[in-house]
Amino acid sequence: MSPNLTYVIVVGVLVAAGVTLLLERSLTRVLMGVILLGNGANLLLLTGGRAGGPPIVGTTPQEEMSDPLPQAMILTAIVITLGMTAFLLALAYRSWHLNGHDEVQDDVEDRRIMDLADRDEVPDDDVDGDDDDDPPTEDERRLSATANGGRAG
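Computed from a prediction, not measured in an experiment: that's the story for all the values here. (Residues numbered from 1 in each chain as written. Predicted model: local features only at pLDDT ≥ 70, side-chain atom pairs only at ≥ 80, totals over all residues. Heavy atoms only, no water.)

1. Details of the overall build of the chain
- Looking only at helices and strands, one finds five helices and zero strands in the chain.
- Its helices and strands in sequence order give the chain the pattern α-α-α-α-α, from N to C terminus.
- Here the chain holds 153 residues, and the buried ones make up 19% of them.
- Put simply, the chain shows about 11700 Å² of open surface, and 61% of that area lies on carbon and sulfur atoms. (Helix = DSSP H or I, 4+ residues; strand = E, 2+ residues; numbered from the N terminus. Buried < 20%, exposed > 50% of the residue type's maximum accessible area, 1.4 Å probe, protein only. Areas by Shrake-Rupley, 256 points an atom, 1.4 Å probe, with all protein chains shown as cover.)

This is the structure in structure tokens:
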């Protein structure tokens, strides 16, 4: 059985919109992205199952039963999406209560790396670009000895 083209297009749109919203800085948009991504995953699981009668022994012949595994997986995915939604709602509420907005702040190290990339520079710890000629540090020697099973050299 091949999946319906409409389902495939709707799954693609839901997943694409969900991923796009997940990349935003606002927790409300991230929440909407999680919900859309969860619904897209549920619809994808639904298209993977075989259509047929109810999967109850004695009511439907075994050849005509629908596959119960995608149904169980969808129920699990609904619970996971609900838990993630509740967690993100709590984070967004707490952020709104403390800061007056729900945007995620920049990390200091991420900002430093972005500034270095904008200037097209290398970090301070690797100025020459190659550390092949440098003698190994004590940490590198310990790591090498650990990788060799405790044997030096």
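Back to the text.
2. Some words on the packing of helix H2 (residues 27-48) against helix H3 (residues 68-99)
- Running from amino to carboxyl end, H2 crosses H3 at an angle of 180°, the nearest separation of the two axes being 9 Å. On the basis of the axis angle, H2 is roughly antiparallel to H3.
- Of the residues contributing to the contact of H2 with H3, the split by class is 17 nonpolar, six polar and no charged. (Axes fitted to C-alpha atoms, helices over the stretch in contact; angles between N-to-C directions. Parallel < 35°, antiparallel > 145°, perpendicular 65-115°, else oblique. Nonpolar A, V, L, I, M, F, W, Y, C, P; charged D, E, K, R; others polar.)

3. A few points about the packing of helix H1 (residues 5-22) against H2
- Two elements in contact, H1 and H2, have axes separated by 7 Å at closest approach and are oriented at 155°. Judged by the inter-axis angle, H1 sits roughly antiparallel to H2. Every pair of crossing elements has a handedness; the one defined by H1 and H2 is left-handed. Every residue of H2 that contacts H1 at Tyr-7, Val-10, Val-11, Leu-14, Val-15, Ala-17, Gly-18, Val-19, Leu-21 and Leu-22 is listed here: Arg-29, Val-30, Met-32, Gly-33, Val-34, Leu-36, Leu-37, Asn-39, Gly-40, Leu-43, Leu-44 and Thr-47.
- For the contact of H1 with H2, a count of residues per class yields 16 nonpolar, five polar and one charged. (Left-handed = near helix turned anticlockwise from the far one by under 90°. Contact = heavy atoms within 4.5 Å.)

4. Observations regarding the pattern of salt bridges
- Per the stated rule, a full pass over the model turns up two salt bridges.
- With a shortest N-O distance of 3.6 Å, Arg-29 and Glu-24 are connected by a salt bridge.
- The class of Glu-24 is partly exposed, set by a relative accessible area of 34%.
- As a salt-bridge pair, Glu-109 and Arg-112 come within 2.8 Å of each other at their nearest N and O atoms. (Salt bridge = Lys/Arg side-chain N within 4 Å of Asp/Glu carboxyl O.)

5. What about H3?
- With 32 residues, H3 extends 46 Å from end C-alpha to end C-alpha; this agrees with the ideal 46 Å at 1.5 Å per step.
- Listed in full, the buried residues belonging to H3 are Pro-70, Ile-74, Ala-77, Thr-81, Thr-85, Leu-88, Ala-92 and Ser-95.
- Where the residues of H3 are buried, they touch H2.
- Sitting at the head of H3, Asp-67 places a side-chain oxygen 3.4 Å from the backbone nitrogen of Leu-69. (Expected span 1.5 Å × (residues − 1). Polar contact = N/O pair within 3.5 Å; in protein donor to acceptor, adjacent residues only side chain to side chain.)

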